[in-house]
Amino acid sequence: MQPVIFEQRTDQIRRTATGEDFAIACNRDSLAGAVSQRACVFCGSRVVLYPIADALHLVHGPIGCAAYTWDIRGALSSGPELHRLSFSTDLREKDVIFGGEKKLEAALNELIDRHEPKAAFVYSTCIVGIIGDDLQAVCKKVAAQKGIPVIPVMSEGFKGNKRAGYEAACQAMMRLVGTGDVSGIPPMSINILGDFNLAGEIWIIKEYYERMGVRVVATITGDGRVDDLRRAHGAALNVVQCSGATMDLARMMQSEHGTPFLRASYFGIEDMSKALYDVARFFKDQDPGMMERTAALVQEELAVLLPELKKIRADLEGRTAAIYVGGAFKAFSLVKSFRHLGMRVAVVGSQTGTEEDYKELAAITDEGTIIVDDSNPLELSQFIKEMDVDIFVGGVKERPIAYKLGVGFCDHNHERKEALEGFAGMLNFAREVHRTVTSPVWRFTPRRRGSVARTMRKEAVS
Amino acid sequence: MCKPLGAALAFMGIEGCVPFLHGSQGCATYMRRYVISHFREPVDIASSALGEKSAIHGGGPNLKLGLLNVMKKYGAGVIGVASTCLTETIGDDVSMLVKEFRKEFADLPLPEVVHVATPSYGGTQAEGFQAALRAVADQLAEDRRTSPQINVLPGFVSCEDIRHLKDVFEHFGLDAAILPDYSERLDAPAQADYVKISEGGLPVSRIKAMGGARASIEFGRTLDPAKTAGGLLAERFGVPLYSLGMPVGLRETDAFFAVLEELSGRAAPRRHELARGRLVDAYVDGHKYLSGKTAVIYGEEDMAVGLASFLAEIGVRPLLVASGGESGRLTRAVSEVTADILREPPEVRQGVDFYEIAARARELSPDLVIGNSKGYRVLARDLNVPLIRVGFPIHDRFGAQRVQHLGYAGAQVLFDRIVNAVIDRKQTDSDIGYGYI
Ligand code: SF4
Ligand code: SF4
């Protein structure tokens, strides 16, 4: 058997050990021939901008790029649903030879007339980068004709990885921010950044903030609206979730509009509470009562959550988990969440983590944990086996790896239809972990027949 | 869907083969995700992961490095390289690069490398599928005259369909080489380990023997033999080609069985006679539920033709047959298979997208829609009619790999599903709550 680790990737895989300085290589191009779980720049910007529900999303390129991203995310809207369609200019051979600008212009005109969107995002794909269509010019022209913002998103797939796509998306959004009227926005107001309202999660979070007495101006981009983005600079604070996606927007808004930002995660008990307390602390001078209200809110929620978790924990104590997600920030929260379930994380990795991210992961996980950057199915399956974990948390591409190895799975990616944020989400998460880990089916899978039976016997005896 | 996706699926049907997309990372990842959610199996598609530099200076070095890596880590016996929009546009000559690769690393035990040009802007997933098969036949098949095998080129069908075909050929005592055969690879049993290259698939030795086979059977009434593997084998090696419709429904299956009888020199085995008899019996039992009902069909052209034929014979009138494909042969094929039953052929639309299909379907207001999951929201839900899920992709139901379409058995399954969908609708729509319909 050949070893599964590519020599070129050995420095992107580390095991934590106490007393040692932790270092890992990351932020590299994916290795040719390795089946990376990563997508492309276009994918990154599509993920971020997709939930803006009253905008037109037009993919300038051959049909595939748009078809693969058609309504695959769980981002919900409370109103318009234009985002759930995936328009494409469907470039053909002759367009590739003669250029696709005319086709783009015609498509924009037709679609804008038909759907009357508040704005249009035009994504450029690999091939557009090669044939050199002048997206900027076409967008400018159509914008002038139609009187709505038509914004090019420079997301040619090959120009980096998903991270570069986030940046392109943020630059696109920045063209809207600051163009709207900010009157009527109260001083205690925030924007929620970096949440995509999967399974309605942003509604949970928004409700918490509103209970605290904070007005949410724009939700970026979950349940997003063009007009909210335009007036987002009127909010007093940006609360940014996730390590990569909308950080650039927060930075740009800080330097251009002076809007301060703080980072948050809505997964798990500590991080969710912290996200609320941090905002309360920010406004404490203006509203001395807010801290108290926040504490009451957290207590109220925990009073419901903790007894439920306790029951679930009884079955999960001592089990182990592997995590492989897009952004590393989510992994922090997951490590902590598993701890609440009595579980240990033995493998953790991400597609696009930074050196600091991985350092922090090393710091919060137990000794001997495997930490990996930009992994692939061969490695992941190897790690899962070696650590004999009970559950794997990842996205749709990781699911069959777990199942083939007879291991439980939880989808923690953009496609999930289950709300996992907030206190309510923590309970959903715990239940989902419980459902999969305790399912009797693992008794029958060839690989784990033995080990599952052993744990059961042990549990029965103790 | 795009052309390289079809090629990757076709390559999955070869034993020991790893599909490889020459392009940027995104395409491969998107396709994997798409295929994984249909089959619910690991699908490893490698990529040359081109970055900005290679996109400008050519992807040759990345392609070669990628091939080496796949060879080393996966131990691939075959690598199926499909180009993408990007590499076609920058003008990489994959054929030449592969030649160079073979020369440069001649000292290593190299896998077979098959390559196909699949710029997506030049065609659909179905065309990519056929193009890959033709490339496989072109680059691997040899003339070995004595081979007793029958080449079977079923087109893009489900894993269950392939398994069924294998059984049928076996029952006739015929030696079938089915290309592609991903019935095991994309629907693998639970195993003790993560298998790098899932087992199953048509062995390369059988592909090599295709040039000397007794005959080829190729399904697809919209195919142009000048562009298919069957056509190539006939032209280059003189292997007789039986070009048939996809055996969906009674009549198309009868035509298929007639060929099997001819090739095997024996009558259809009793079990198939019985299955056929039961199917006709079910047609009679269920006819009143369906008679006079109307449907809209969409999806890949050949499957759509098969479904049109099947619906016509069970008394459901297809109002519209629509496909994104543009073979230019769909209209004729549909009228051929419906001519002796329908007074006038259904409306046919080629090269259409869902927006157009939905707009027309709204005017036609059918009782049923038949096609893949993508039509759920824009067609079935919107029109408030049942959707019978067939084809690819099926992302919102369980068991896509096991959906049966072909043969008497497939027709039976489809028929039962359609009748039950109609009954279910009637039941839900009624205020009374009949438990007996
Ligand atoms: S670039 Fe071409 S090959 Fe790649 S996903 Fe888009 S359409 Fe498919
Ligand atoms: S063509 Fe480029 S932009 Fe489109 S999916 Fe492939 S990598 Fe992404």
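Residues numbered from 1 in each chain as written. Chains lettered and ligands numbered in written order. Predicted model: local features only at pLDDT ≥ 70, side-chain atom pairs only at ≥ 80, totals over all residues. Heavy atoms only, no water.

- Chain A goes by Nitrogenase iron-molybdenum cofactor biosynthesis protein NifE in an unreviewed UniProt entry, where it is assigned to Alkalidesulfovibrio alkalitolerans DSM 16529.
- UniProt lists a comment for chain A under the heading Function (unreviewed entry), and it reads "This protein may play a role in the biosynthesis of the prosthetic group of nitrogenase (FeMo cofactor)."
- UniProt, in the comment section headed Pathway (unreviewed entry), describes chain A in these words: "Cofactor biosynthesis; Fe-Mo cofactor biosynthesis." (UniProt positions renumbered as here; feature names shortened; annotations may be inferred.)

### Section: unusual backbone geometry
Then comes step 1: Cis geometry is adopted by the peptide bond preceding Pro-180 of chain B, which originates at Leu-179 of chain B and carries an omega value of -5 degrees.
Then comes step 2: Here Pro-180 of chain B lies in the loop between β6 (176-178) and α9 (204-208).
Then comes step 3: The phi dihedral of Asp-90 of chain A is positive, around 50 degrees, even though this residue is not glycine.
Then comes step 4: Of note, Asp-90 of chain A is situated in the loop between β3 (87-88) and α3 (93-98). (Helix = DSSP H or I, 4+ residues; strand = E, 2+ residues; numbered from the N terminus.)

### Here's the deal with the interface of chain B and chain A
Interface size is often expressed as the accessible area that is lost when the parts come together.
Then comes step 1: Residue-level contacts link 59 residues of chain B with 57 residues of chain A.
Then comes step 2: Carbon and sulfur atoms make up 63% of the area that chain B and chain A hide from each other, which totals about 5100 Å².
Then comes step 3: For the interface between chain B and chain A, the tally reads 6 salt bridges.
Then comes step 4: The partner of Arg-33 of chain B in a salt bridge is Glu-415 of chain A, and the shortest N-O contact between them spans 2.6 Å.
Then comes step 5: When contributions to the side of chain B that touches chain A are tallied by element, the ones reaching two or more residues are α2 (25-39), β2 (46-47), α3 (52-57), α4 (60-74), α5 (85-89), α15 (354-364) and α16 (375-383) of chain B.
Then comes step 6: Ranked by the residues each element gives to the side of chain B that touches chain A, the list is headed by α2 of chain B, at 10 residues.
Then comes step 7: Here the side of chain B that touches chain A is composed, by residue class, of 30 nonpolar, 16 polar and 13 charged. (Contact = heavy atoms within 4.5 Å. Buried area = accessible area lost by both parts, 1.4 Å probe. Salt bridge = Lys/Arg side-chain N within 4 Å of Asp/Glu carboxyl O. Nonpolar A, V, L, I, M, F, W, Y, C, P; charged D, E, K, R; others polar.)

### With respect to helix α11 (residues 250-264) of chain B
Structural remark: α-helix, 3.6 residues per turn; residues separated by three or four positions point the same way.
Residue and element names in this part refer to chain B.
Then comes step 1: A rise of 1.5 Å per residue sets the reference length of α11, with its 15 residues, at 21 Å; its end C-alpha atoms lie 20 Å apart and thus fit the reference within 8%.
Then comes step 2: When we look at burial in α11, the residues that qualify are Leu-250, Glu-252, Thr-253, Phe-256, Phe-257, Val-259, Leu-260 and Leu-263.
Then comes step 3: Backbone geometry just after α11 places Gly-265 at a positive phi near 70 degrees. (Expected span 1.5 Å × (residues − 1). Buried < 20%, exposed > 50% of the residue type's maximum accessible area, 1.4 Å probe, protein only.)

### Section: the site of ligand 1
Then comes step 1: The environment of ligand 1 is formed by 10 residues, the closest being Gly-64 and Cys-65 of chain A together with Cys-2, Cys-27 and Cys-85 of chain B.
Then comes step 2: Ligand 1 is flanked by residues contributed from chains A and B.
Then comes step 3: Of the residues belonging to the shell around ligand 1, the class tally is 7 nonpolar, 3 polar and no charged. (Near = heavy atom within 4 Å.)

### Quick word on the packing of aromatic side chains
Then comes step 1: Going through the model one piece at a time under the given rule, you end up with 25 aromatic pairs over all chains.
Then comes step 2: Their ring planes at 65 degrees and their centres at 5.4 Å tell us that Phe-338 of chain A and Phe-429 of chain A sit as a pair that is edge-to-face. A residue pair is termed long-range when its members are at least 10 positions apart, and Phe-338 of chain A in helix α13 (residues 328-340) and Phe-429 of chain A in helix α17 (residues 422-437) qualify at 91 residues.
Then comes step 3: Following the ring pairs from residue to residue traces out a cluster consisting of Phe-42, Tyr-68 and Tyr-123 of chain A together with Tyr-30, Tyr-34, Phe-39, Phe-129, Phe-156, Tyr-182 and Phe-392 of chain B.
Then comes step 4: Across the ring face of Tyr-123 of chain A, the terminal group of Arg-46 of chain A is positioned such that the distance to the ring centre comes to 5.4 Å.
Then comes step 5: For Arg-263 of chain A, the ring lying beneath its charged end belongs to Phe-329 of chain A, and the centroid distance is 4.5 Å. (Phe/Tyr/Trp six-rings, centres within 6.5 Å; stacked < 30°, edge-to-face > 60°. Lys NZ or Arg CZ within 6 Å of the ring centre and 35° of its normal.)

### A word on the site of ligand 2
Then comes step 1: In the vicinity of ligand 2, the residues found are Cys-40, Phe-42, Cys-65, Thr-125, Cys-126 and Gly-157 of chain A together with Ser-24, Gly-26, Cys-27 and Tyr-30 of chain B.
Then comes step 2: Per-site note: the chains with residues close to ligand 2 are chains A and B.
Then comes step 3: Residues belonging to the shell around ligand 2 are distributed by class as follows: 6 nonpolar, 4 polar and no charged.

### Concerning a nonpolar patch on the surface
Residues and elements named next belong to chain B.
Then comes step 1: A contiguous nonpolar patch, built from Ile-432, Tyr-434 and Ile-437 and spanning about 300 Å² of accessible area, is present on the exposed surface.
Then comes step 2: Topologically, Tyr-434 is positioned in the segment after α17 (407-429).
Then comes step 3: The exposure class of Tyr-434 is partly exposed, given its relative accessible area of 42%. (Patch = residues over 30% accessible without salt bridge, like charges linked within 9 Å, V, L, I, M, F, W, Y side chains within 5 Å. Areas by Shrake-Rupley, 256 points an atom, 1.4 Å probe, with all protein chains shown as cover.)

### Structural notes on the confidence of the model for chain B
Then comes step 1: Summary statistics for chain B give a mean pLDDT of 93 and a share of 100% for residues scoring 70 or more.
Then comes step 2: For this predicted complex, the interface confidence score (ipTM) comes to 0.84, while the overall pTM stands at 0.90. (pLDDT = per-residue confidence, 0-100.)

### Side note on the domain arrangement of chain A
Residues and elements named next belong to chain A.
Then comes step 1: Domain boundaries assigned for chain A yield domain 1 (1-34 + 317-416), domain 2 (41-166) and domain 3 (189-300).
Then comes step 2: Averaged C-alpha coordinates put domain 1 and domain 2 at centres separated by 33 Å.
Then comes step 3: Contacts between the two partners involve 10 residues from domain 1 and, on the opposite side, 7 residues from domain 2.
Then comes step 4: Summed over both partners, the interface of domain 1 with domain 2 buries about 750 Å², with 42% contributed by carbon and sulfur atoms.
Then comes step 5: Counting the surface domain 1 buries against domain 2, the share from its top three residues, Thr-352, His-414 and Glu-415, is 62%.
Then comes step 6: In the side of domain 1 that touches domain 2, the residues fall into no nonpolar, 6 polar and 4 charged. (Domains from an automatic or database assignment.)

### Digging into helix α7 (residues 162-174) of chain A
Residues and elements named next belong to chain A.
Then comes step 1: A rise of 1.5 Å per residue sets the reference length of α7, with its 13 residues, at 18 Å; its end C-alpha atoms lie 18 Å apart and thus fit the reference within 8%.
Then comes step 2: Along α7, the residues that are buried comprise Lys-162, Gly-165, Tyr-166, Ala-168, Ala-169, Cys-170, Ala-172, Met-173 and Met-174.
Then comes step 3: Close packing links the buried residues of α7 with α1 (41-49), β4 (119-124), β5 (150-153), β7 (215-221), α9 (226-230) and α10 (247-257).

### Observations concerning the pattern of salt bridges
Then comes step 1: Summed over all chains, the structure comprises 52 salt bridges over all chains.
Then comes step 2: Across the salt bridge formed by Glu-52 of chain B and Lys-159 of chain A, the nearest N and O atoms sit 3.8 Å from each other. On the criterion of chain membership, the pair formed by Glu-52 of chain B in helix α3 and Lys-159 of chain A in the loop between β5 and α7 is interchain, its members lying in two chains.
Then comes step 3: Residue classification places Glu-52 of chain B among the partly exposed residues on the basis of a relative accessible area of 35%.
Then comes step 4: A salt bridge links Lys-311 of chain A to Glu-308 of chain A; the shortest N-O distance between them is 3.3 Å. Of this pair, Lys-311 of chain A and Glu-308 of chain A both sit in helix α12 (residues 290-316), 3 residues apart, roughly one helical turn.
Then comes step 5: With relative accessibility at 55%, the residue Lys-311 of chain A sits in the exposed group.
Then comes step 6: The class for Glu-308 of chain A is partly exposed, based on a relative accessible area of 25%.
Then comes step 7: A cluster of three or more residues bridged by salt bridges with shared partners is formed by Glu-207, Arg-211, Glu-300 and Glu-301 of chain A.

### A closer look at the nonpolar core
Generally speaking, soluble globular proteins have nonpolar side chains that are buried together.
Then comes step 1: Phe-121 of chain A together with Phe-11, Ile-217, Phe-256 and Phe-310 of chain B are the most contacted members of the largest nonpolar core, which has 154 residues in total.
Then comes step 2: Per element, the largest residue contribution to this core is 9 residues, and it comes from α17 of chain B.
Then comes step 3: Here this core gathers at least three residues from each of two domains, domain 2 (41-166) and domain 3 (189-300) of chain A.
Then comes step 4: Those residues in contact with Phe-121 of chain A, other than ones at most four positions away along the chain, are Leu-49, Ile-52, Ala-55, Leu-56, His-57, Leu-58, Ile-151, Val-153, Ala-172 and Leu-176 of chain A.
Then comes step 5: Counting residues in hydrophobic clusters, the runner-up holds 64 residues, among them Phe-283, Val-298, Val-335 and Val-393 of chain A. (Core = buried A, V, L, I, M, F, W, Y, C linked by side-chain atoms within 4.5 Å.)

### Let's talk about the sheet that holds strand β1 (residues 17-22) of chain B
Residue and element names in this part refer to chain B.
Then comes step 1: Pairing is parallel across the open sheet formed by 4 strands, whose spatial order is β2-β1-β3-β4. The two strands at the open ends of the sheet, each matched to only one other strand, are β2 and β4 (112-116).
Then comes step 2: Pairing of β1 with strand β3 (residues 78-83) involves 6 bridges; the strand directions are parallel. Counted as the bridge partner of Cys-17 is Val-78 from β3.
Then comes step 3: The sheet strands contacting helix α1 (residues 3-11) are β1, β3 and β4, and the helix crosses β3 at an angle near 170 degrees.
Then comes step 4: Running over the sheet, α4 touches β1, β2 and β3 and is turned about 160 degrees from β1. (Pairing = 2+ DSSP bridges. Axes fitted to C-alpha atoms, helices over the stretch in contact; angles between N-to-C directions.)

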